[in-house]
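One-letter residues, chain by chain:
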Amino acid sequence: MSSARYRPDTPDKVFAIADCNNFYASCERVFRPELNDKPVVVLSNNDGCVIARSNEAKAIGIKMGAPYFQIERFAKQHGVAVLSSNYALYGDMSRRVMQILAGFAPRIEVYSIDECFFDLTGLKTDLTDYCLKICAVVKQWTGIPISIGIAPTKTLAKLANRLAKSGRFRQCPVLDWHTLDDTDAVLAETALNDLWGIAASWQSQLALLQIADALALKQADPKRLRQHFSVVMERIVHELRGLSCIDLEEIPSPRKQILTSRSFGEKLTGYDDLCAAVTYFATRSAEKCRQHRLAAQALTVFVETSPFDTRQPFYANSATFEFQLPTHDSAQLQRAAQRGLARIYHPGLSYRRAGVLLPELLPDHVAQLSLLSGERSNRSADLMQTLDAINQRYGKSSIRYAREILSQRWRMRQQFKSPSYTTNIRELLTIRI
DNA sequence: TCTGGGGTCCTAGGACCC
DNA sequence: TCTGGGGTCCTAGGACCC
């Protein structure tokens, strides 16, 4: 029984989660203070749809996930600042925030680019005051506003964080679940899909069981829900009751797969254009592999046309190669991707997206133990090390394979991208006096 | 014209083995 | 006439997260 992971007899735990407010929009504002108090949205890769909004943008009704072309006019009318996503900037700002949090709590789990769980169990101080101090320091040192939720389980901490942001109880970026007078009343007013782990499709299935809000879910029979759904739902019920089933994961488990894919800036029909794209994806995947000290046992390459295109039938296909020996050699992965593409490419179609997936990974030291790894593999390792060192020193893609640059037509649209202020010396912020 | 990218976990069902 | 049962492994698909 997998619910053995919760231990009701352990002393009460205290989880906190810090969440950066409107993270991508906030990062942009740090370097563009004139955007404070103005509506700001950040677009997905390829400037496709809205993936982050400032409070002002939310207030005028711009929805998460809205396709940009649908809101373009509206955004112009309302003076919305529109930005392409700038992951170099967000990743670096995230690292800074996490570093500060690590100074305040001995055990932290970086959960996503803008969220971090940490353990406050046993801390003998006022938890709200302590977390307010954390918020103040993060804001002062990075410019990023954060909110913190505190509770006996991760699920409740996520909810507390949400409530802190909503300002429903007090205008304060910190909310400690333990300080609420009537937590059941709060749960009764909480929609199911506001809970961590419950999305729309489960919400409607729960409704069929007469479970319509978070309190009803808390009071439902966990065993019965497990039969209807899975152990995941059973855990949520326990967590709502204050029994911690989901532990802090301080050490991230090794990656199980690596995916590099993109929608293209324009629809592609030519084989060479696609080949340049998948070659680049294979190279990037190989780099990620080496960065994580992993090696791939297989590679899948896939292409697809647009599901929104009414003029041609939707086509999606993939091809997979198994390697005799696990590898993270760029050239080898490229060859596999190119051979796979040749198998699934159909002339005459307009492709909108492609990608390379490494679905089975091994630690690279295991891979190196192979009896067959001899001189050839040493040369490959030396070459890759050299490539990585050059690109590290002189910037991404300073040195690349020729096939990658045969065509640039697949490159994403990034019409509104801000500079990489913190990660590229040539793009430092300039201040004129 | 224009709709993201990168992950994880769980389950069911089939293949296979003894 | 009557055709087992339990275990493991793998995969595809569906759900979730940010």
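Let me begin by describing the structure that accompanies this report. Every value quoted in this text rests on a predicted model; they were computed, and no experiment measured them.

### Some points on the packing of aromatic side chains
Move 1: With the rule as written, the count across this model stands at 17 aromatic pairs.
Move 2: Between the aromatic rings of Y24 and Y87, the centroid separation amounts to 5.7 Å while the plane-to-plane angle is 90°, which identifies the pairing as edge-to-face. Taken together, the positions of Y24 in helix α1 (residues 23-31) and Y87 in helix α4 (residues 87-102) put the pair 63 residues apart, joining distant regions of the chain.
Move 3: The class of Y24 is buried, set by a relative accessible area of 14%.
Move 4: Owing to a relative accessible area of 37%, Y87 belongs among the partly exposed residues under this scheme.

### Let's talk about the protein's contact with DNA strand B
Move 1: Not every one of the 25 residues close to DNA strand B is listed here, only the nearest: R255, L259, S261, S263 and K267.
Move 2: The share of sugar and phosphate among atoms of DNA strand B within 4 Å of the protein is 69%.
Move 3: Between L259 and DNA strand B, the recorded distance is 2.6 Å, taken from a backbone N or O atom to a phosphate oxygen.
Move 4: Between S261 and DNA strand B, the recorded distance is 2.5 Å, taken from a backbone N or O atom to a phosphate oxygen.

### Here's the deal with unusual backbone geometry
Move 1: Phi is positive for D47, which is not a glycine, with a value near 50°.
Move 2: Inspection of the secondary structure assignment puts D47 in the loop between β2 (40-43) and β3 (50-53).
Move 3: Of note, the phi angle at R293 is positive, near 55°, even though the residue is not glycine.
Move 4: Here R293 is to be found in the loop between α12 (271-291) and β10 (294-305).

### Details of the packing of α1 against α4
Move 1: Between α1 and α4, the least distance of the axes is 10 Å, while the angle of their chain directions is 95°. In terms of orientation, α1 lies roughly perpendicular with respect to α4. On the side of α1, the interface is formed by F23, Y24, C27, E28, V30 and F31, while α4 contributes Y87, L89, Y90, M93 and S94.
Move 2: For the contact of α1 with α4, the residue count by class is 9 nonpolar, 1 polar and 1 charged.

About the criteria used
Per chain, residues are indexed from 1 in the order of the written sequence. Chain letters start at A and ligand numbers start at 1, both assigned in the order the entries are written. Given that this is a predicted model, residues contribute local features only at a pLDDT of at least 70 and side-chain atom pairs are listed and counted only at 80 or more, while totals for whole chains, interfaces and linings are drawn from all residues. Excluding hydrogens and water, the side-chain figures rest on all heavy atoms present in the structure. Planes of paired rings set the category: under 30 degrees apart is stacked, over 60 is edge-to-face and the rest tilted, where pairs are Phe, Tyr or Trp rings (Trp by its six-membered ring) whose centres lie within 6.5 Å. Helix and strand definitions here come from DSSP, where helices need a minimum of 4 consecutive H or I residues and strands a minimum of 2 consecutive E residues; each element is numbered from the N-terminal end. Only protein chains enter the accessibility calculation, which uses a 1.4 Å probe; a residue whose area is less than 20% of its type maximum is buried, one above 50% is exposed, and one in between is partly exposed. Residue proximity to a molecule or strand is established when one non-hydrogen atom of the residue lies within 4 Å of it. Contacts described as polar in this section are N or O atom pairs within 3.5 Å, which, within protein, must combine one atom able to donate a hydrogen with one able to accept it, while residues neighboring in sequence count only if both atoms come from side chains. To obtain an axis, a line is fitted to C-alpha atoms, over the contacting stretch when the element is a helix, and the angle between two such axes runs from 0 to 180 degrees between their N-to-C directions. Roughly parallel refers to an angle under 35 degrees, roughly antiparallel to one over 145, roughly perpendicular to one between 65 and 115, and oblique to any angle outside these ranges. Contact between two residues is taken to exist if any of their heavy atoms lie within 4.5 Å; hydrogens are not considered. Each residue is assigned to one class: nonpolar for Ala, Val, Leu, Ile, Met, Phe, Trp, Tyr, Cys and Pro, charged for Asp, Glu, Lys and Arg, and polar for all the others, Gly among them.

Functional significance is not addressed by these values, which are geometric in nature.
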